[in-house]
Every structure is written in C-alpha cells, then in structure tokens.
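# Chain and residue survey
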Amino acid sequence: MSKTVKLYVVRHGETYLNRYHKLQGWADSPLTEEGKAVAIRTGERLSHIAFDRVYTSDLGRTIETAELILKQNKHRDPLELCRLPQFREVFFGSFEGDHVDRIVKEVAAQHGYQYETSREVFEHHSMSEVLAFMKQADPAADAEDADQLQARINQGIEQLLSDVNDQAAAVLLVTHGVVIRQLLDRYTDHPEHQGEVKNASVSVLEFTGDRANVLVFNSLSGSLD
C-alpha cells in the first residue's frame, strides 16, 4: 500500500528585505513585526494538526517562521526542525539585495521586452522565463535558473518523503516563494493555483506514491484540515 503524506507548505513571514522590495534569495533578513504576527496567525490556523515531521530551508527566515508556528501547536511534542538547503530560495547571484522592480525590468529589457513595472513582467512571462533572463544577465553567472532550482527541490522532496515511515503522515514545510511556485508548477497548471505566493500563506499537497494533488493554494484565512 502506498503511503499518503499531506504536506503543508508555508511561505515564511514578511522580512525586512521583503518590505524594502529587495531581491532576497540566499541573502537573508529577519522577520518584521508584521511578519512575526502573520506567522503566529498561521500557526493558530494549524494548531490542531499533529505534525509528524517539520522541515525548513537552512535560512533564518524560514526557521524563525517555523518556530513561531510550532509555538501555537496544541500537539507540541518535541519536534526537531530538519533544515534542508535543498529548500533554500532561488539564488539571484550578483543581483541579491538589488531592488526587485529595477532588476526585473532591466533583465526583461535586455531580451527586448519593455515594461513599466516588474508586475507586468510576471504577467507576461513565467517564473522560469524570468529566472532564465536573470541567469543570462548576471555578470557573475551565478544566478540559478529554473532547472537548477527544480533539481534541488526534487532532491528535497525525495528525502522528505523517504523520511516518513507511517502510512499516513502530516508534514510541515516552511520555505520560500519561488520554491513554492516551482513545487506547485510541477504538479498543477490549474488557473486557480497560479500567482504570487503570499507571506505566511498555506498551500497543501497530498502525496500518494509518486503522485501529488494540490488541495489548497495560497490560503491566508479560514480553517484547514
């Protein structure tokens, strides 16, 4: 019998670099007070769920968010955070810390696309295309593209699923916006599952064997099973 894993995927709370609209991949910054408050509210929404395992990336903003979520949990048996670099945010190379709007528009312009805002770029191009623009434009040639990112996300998911021994398990993963977008895009192209992943939002995937269904996307309110 195939085991079933319900994976609750949460984006970290708002950070200071998020607030300042700066590119934040492998760069890190602490949660703002609002980021902490939203993480706590997410924890309250998940407080009734007895998680079997908890994963984060190895960046501080996901660890801080996960700790705030677990403090609200009614089943607070000791659970160690498993910190996997495979779930780290995409690397923006030498663009790390630059202003999102300026860089995204510039790299699109280098490919012949003129837009007034970065939002327009994302409205007309997939995340994979934008990451390809950035990789090609990075003077240091260090930025990751979608294929590199997806390869390590796949490694992380394989480890996560292999770590689960029970036939049915609930697992919490606190990670990053582009990581969640890539993870969801692997399993769904439904229009309702598209768009920007919000800070501290919850998406739920149910894995059975090698298949996964997206049950919830980008939820910021309401009850969760």
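To be clear, the structure that these remarks concern was listed above.
The model shown is predicted, which means the values in this text are computed figures rather than measured ones.

For the protein, the helix and strand inventory stands at eight helices and six strands. In the protein, the succession of α and β elements from N to C terminus is β-α-α-β-α-β-α-α-α-α-β-α-β-β. A globule of 225 residues ought to have a C-alpha radius of gyration of about 17 Å, and the protein, at 17 Å, matches this closely. Oriented by its inertia axes, the alpha-carbon framework of the protein measures out at about 50 × 40 × 30 Å. Out of the 225 residues in the protein, the part that is buried amounts to 50%. When contacts within the protein are restricted to residue pairs at least 6 apart in sequence, those whose partners lie at least 24 apart make up 72%. Carbon and sulfur atoms make up 46% of the accessible area of the protein, which amounts to about 10,900 Å² in all. Here the protein holds 24 positive side-chain charges and 35 negative ones, and the gap between their average locations is 4 Å.

What follows is about the pattern of salt bridges. Side chains that differ in charge, positive against negative, can pair when their charged atoms come close. Enumeration over the complete set of coordinates arrives at twelve salt bridges. For Asp28, the salt bridge goes to Arg61, with nearest N and O atoms at 2.8 Å. Here Asp28 is found in the loop between helix H1 (16–19) and helix H2 (33–45), whereas its partner Arg61 is found in helix H3 (residues 60–71), with 33 residues between them in sequence. Here Asp28 falls in the partly exposed class, since its relative accessible area comes to 36%. For Arg61, a relative accessible area of 0% gives the class buried. Salt-bridge contacts for Arg88 lead to Asp58; the nearest nitrogen and oxygen are separated by 2.5 Å. Separated by 30 residues along the polypeptide, Arg88 in the loop between strand S3 (81–83) and helix H4 (100–109) and Asp58 in the loop between strand S2 (53–56) and H3 bring together distant segments of the chain.

Glancing now at the nonpolar core. Judged by nonpolar contacts, the single largest core of 42 residues is most densely connected at Leu7, Phe95, Met134, Ile157 and Phe207. For this core, the secondary-structure elements that each account for two or more residues are strand S1 (4–11), H4, helix H6 (127–137), helix H7 (146–163), strand S4 (168–175), helix H8 (177–187), strand S5 (202–208) and strand S6 (211–219). Among the elements that make up this core, the one with the highest residue count is H7 (six residues). Not counting residues up to four positions away in its chain, the partners in contact with Phe95 are Leu23, Ile103, Val107, Met134, Ala137, Asp138 and Pro139. Counting 17 residues, the second-largest nonpolar core is a separate cluster that includes Val10, Leu46, Leu172 and Leu224.

The next thing to look at is the packing of aromatic side chains. Inspection of the entire model under this criterion finds six aromatic pairs. Between Tyr8 and Phe51, the ring centres sit 5.6 Å apart and the planes meet at 80 degrees, which makes this aromatic pair edge-to-face. Of this pair, Tyr8 sits in strand S1 while Phe51 sits in the loop between H2 and S2, placing them 43 residues apart in sequence. Each member of the pair Tyr8 and Phe51 is classed as buried. Ring geometry for Trp26 against Phe91: centres 4.2 Å apart, planes inclined by 15 degrees, an arrangement best described as stacked. Of this pair, Trp26 sits in the loop between H1 and H2 while Phe91 sits in the loop between S3 and H4; the two residues are 65 residues apart in sequence, bridging distant segments of the chain.

Right, let's talk about the sheet that holds S4 for a bit. Pairing is mixed in the open sheet, where six strands are placed in the order S3-S2-S4-S1-S5-S6. The open sheet has two edge strands with one neighbour each: S3 and S6. Averaged over all pairs of adjacent strands, the angle between strand axes in this sheet comes to 20 degrees, irrespective of strand direction. As defined by bridge partners, S1 adjoins S4 across eight bridges and the pair is classed as parallel. Counted as the bridge partner of Lys6 is Ala170 from S4.

Turning next to H8. Burial of H8 is extensive: eight of the eleven residues sit out of reach of the surface. Buried residues of H8: Gly177, Val178, Val179, Ile180, Arg181, Gln182, Leu183 and Leu184, and no others. Considering only its buried residues, H8 is in contact with S1, H6, H7, S4, S5 and S6.

About the cut-offs
Residues numbered from 1 in each chain as written. Predicted model: local features only at pLDDT ≥ 70, side-chain atom pairs only at ≥ 80, totals over all residues. Heavy atoms only, no water. Helix = DSSP H or I, 4+ residues; strand = E, 2+ residues; numbered from the N terminus. Rg over C-alpha atoms; globule rule 2.2 N^0.38 Å. Buried < 20%, exposed > 50% of the residue type's maximum accessible area, 1.4 Å probe, protein only. Contact = heavy atoms within 4.5 Å. Areas by Shrake-Rupley, 256 points an atom, 1.4 Å probe, with all protein chains shown as cover. Lys, Arg positive; Asp, Glu negative; His and termini not counted. Charge placed at Lys NZ, Arg CZ, Asp CG, Glu CD. Salt bridge = Lys/Arg side-chain N within 4 Å of Asp/Glu carboxyl O. Core = buried A, V, L, I, M, F, W, Y, C linked by side-chain atoms within 4.5 Å. Phe/Tyr/Trp six-rings, centres within 6.5 Å; stacked < 30°, edge-to-face > 60°. Pairing = 2+ DSSP bridges. Axes fitted to C-alpha atoms, helices over the stretch in contact; angles between N-to-C directions.

Worth remembering: the numbers are spatial, not functional.
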